[in-house]
Amino acid sequence: MLPNLKLSFWQNAIGDVYRFSLEERIFNTMCIFAFFAMLVEAPYNYAVNLKELAWLCCVCMVFIVGLYYLSRVKRRSLLCIMIFCLACNLAFVFCYFYNSGILGPNILLFALSFFIIITIIPKKQYVFWVPFNMLIVLGVLVVELYFPHLAPNLYLNNTVRTIDFGVTYVVSATLIFFSISYMRKNYDHERASVEERNHAIEVQNEEILLQKRELEYLNQEKDRLLSIVAHDVRMPLSSIQGYLELLNSVGLEEGEKHFIEGQLLEITRDTSEMLMNLLSWSRTQMMGATVQLKSLDVNDALKNWLKIEKSIADKKGIRLNVLTAGQLNVMADHDMLHLVIRNLVSNAIKFTPIGGEIVVSTRYRDAEGLIIISDNGIGISADKQESLFQLKASATYGTNNEKGIGLGLLLCKEFTEQQQGKIWFESKLEKGSVFYVSFKLDGF
């Protein structure tokens, strides 16, 4: 907590990284460091009898506070930087001639001035300030060479001189250390930000590419789906038309009529189921599904829902048993769950041979109610199990050549999950399949 408060205070003092440029933040930092450096130098200079320098440090502190305010609050950083650079050089010229010239630590101060200036000024101003600083240094050296009396030696003894050099070095090194540390920190921060943005862009591009591929795949599957539907709708219509033309032109015996009518009924039933699934899926894709979860007695509903499927199973010679007892109230949408169960049972009938058995049962499992549809049909091969609940438009044929397009199970998965339920299966080739559908119990 405390480090975060310190970090927040420091960021507020120098300026937010998203609102202030790097040069502005470095200048504000320099102002803070320079203020504390003058705060140390003022009493020290006074103690070693350099009173004029002590007062100059006090004036510099006020001057620095004014520049900081103008930069941080008024956002006039460029003007402040120019004033600071000019004042810094003039102040160090005064210090040079007042504080013993070449015999004092003033060259260190000019080097510090040079470092500060190239740190805070924009790159395009290097062409002016770098030569300016060098000319100032060379100028004061030449002036002292020819007019040595302008820079008298004010040190009382070598001890005072040594201490002055030591203090000046420590202050200069401290300023340089904190300045470089701050710049490296900002460099690392901005590099990390760039890397993070680049990574985010790469992830976004990958997601867009995956979405594009998925859309292309879905469009291909939809085109394929429509092609199959067009063919499968045309086929029963052609069969009905052919049968009616046959009745008009040729007299058929009752046995032949009954056989053809039975075939037409099977074809029409398969086509009707396919169209219902297609319409349900298309509606959810275009308009979204409206789910109304209500308490539903599954055991009671199954008895009503499976009457038609039981009749179809009987005609195919398959036993369809519904094993339920008592009440099993789950939270589900009546129409959606009806479609799910109808599709699962129809699939079981389709892929179970004559003489087979299908069992629809229910049971409790913790806070869920399970609906189980098991059969002893042909099962599902391993290569088809992975894509069973996906849009894979392809014609499939049951044990009695019942035709489908693989859309029913996709609907089962989507509708089950929209009701906050789960669906899964177990299957072994030539031994049958078991499909499980679970929903939350009423009250949980």
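For clarity, every value in this text was computed on a predicted model and none was experimentally measured.

(A) A look at the overall build of the protein chain. A tally of helices and strands in the protein chain yields 13 helices and 9 strands. For the protein chain, the residues scored as buried account for 40% of the 444 residues in total. Once local pairs closer than 6 in sequence are excluded, the contacts in the protein chain between residues at least 24 apart make up 74%. When the accessible surface of the protein chain is totalled, it reaches about 25800 Å², and 62% of it is carbon and sulfur.

(B) Layout of the environment of Asn-106. Examined against the element boundaries, Asn-106 turns out to sit in helix α5 (residues 106–120). By relative accessible area, Asn-106 is classed as buried at 1%. Taking C-alpha positions, Asn-106 is 7.0 Å from Cys-95, a pair spaced 11 residues apart along the chain. With residues near it in sequence (within four places) discarded, Asn-106 still touches Cys-95, Tyr-96, Asn-99 and Gly-101.

(C) Structural context of the sheet that holds strand β5 (residues 368–375). With mixed pairing, 5 strands are arranged side by side in an open sheet as β2-β4-β5-β9-β8. Looking along the sheet, the strands with just one partner apiece sit at the ends: β2 (319–323) and β8 (422–428). The sheet shows a mean angle of 15° between the axes of neighbouring strands, direction not considered. Relative to strand β9 (residues 432–440), β5 runs antiparallel, the two being bridged by 8 bridges. Pairing of Ile-372 across the sheet is with Tyr-436, part of β9. Running at roughly 25° to β5, helix α11 (residues 334–350) makes contact with β2, β4 (357–365), β5, β8 and β9 of the sheet. Most of the contacts of helix α13 (residues 408–418) go to β8, to which it runs at about 145°, and overall it touches β8 and β9.

(D) Looking closely at a nonpolar patch on the surface. Where nonpolar side chains cluster on the molecular surface, the patch consists of Val-142, Leu-145, Tyr-146, Phe-147 and Leu-150 and spans about 550 Å² of accessible area. Among the secondary structure elements, Leu-145 is positioned in helix α6 (residues 126–146).

(E) Local environment of the side chain of Glu-144. Take Glu-144: it is sitting in helix α6. Sequence-distant contacts of Glu-144, that is, excluding residues within four places in its chain, are made with Tyr-96, Phe-97, Ser-100, Gly-101, Ile-102 and Ala-151.

(F) Highlighting the nonpolar core. Among the nonpolar cores identified, the biggest contains 38 residues, and Trp-305, Leu-337, Ile-341, Leu-344, Val-345, Ile-373 and Phe-435 are the most heavily contacted of them. Of all the secondary structure elements, the ones that give two or more residues to this core are α9 (298–305), β3 (329–332), α11, β4, β5, α13, β8 and β9. The leading source of residues in this core is α11, at 9 residues. If sequence neighbours within four positions are ignored, Leu-344 has contacts with Ile-373, Leu-409, Cys-412, Ile-423, Phe-435 and Val-437. Among the nonpolar cores identified, the runner-up in size contains 31 residues, and Phe-33, Ile-64, Cys-85 and Ile-120 belong to it.

(G) Structural context of the side chain of Ser-77. Relative to the elements of secondary structure, Ser-77 occurs in helix α4 (residues 77–98). Not counting residues within four places of it along the chain, the set of residues in contact with Ser-77 comprises Glu-24 and Ser-71.

(H) Highlighting the pairing of β3. Burial of the side chains of β3 is restricted to one face: Val-330 and Ala-332 are buried, whereas none of Asn-329 and Met-331 on the reverse face is. Bridging between strand β1 (residues 294–297) and β3 involves 4 bridges; their strand directions are antiparallel. If you follow Lys-294 over to β3, its bridge partner there is Ala-332.

What counts and how
- Residues numbered from 1 in each chain as written.
- Predicted model: local features only at pLDDT ≥ 70, side-chain atom pairs only at ≥ 80, totals over all residues.
- Heavy atoms only, no water.
- Helix = DSSP H or I, 4+ residues; strand = E, 2+ residues; numbered from the N terminus.
- Buried < 20%, exposed > 50% of the residue type's maximum accessible area, 1.4 Å probe, protein only.
- Contact = heavy atoms within 4.5 Å.
- Areas by Shrake-Rupley, 256 points an atom, 1.4 Å probe, with all protein chains shown as cover.
- Pairing = 2+ DSSP bridges.
- Axes fitted to C-alpha atoms, helices over the stretch in contact; angles between N-to-C directions.
- Patch = residues over 30% accessible without salt bridge, like charges linked within 9 Å, V, L, I, M, F, W, Y side chains within 5 Å.
- Salt bridge = Lys/Arg side-chain N within 4 Å of Asp/Glu carboxyl O.
- Core = buried A, V, L, I, M, F, W, Y, C linked by side-chain atoms within 4.5 Å.

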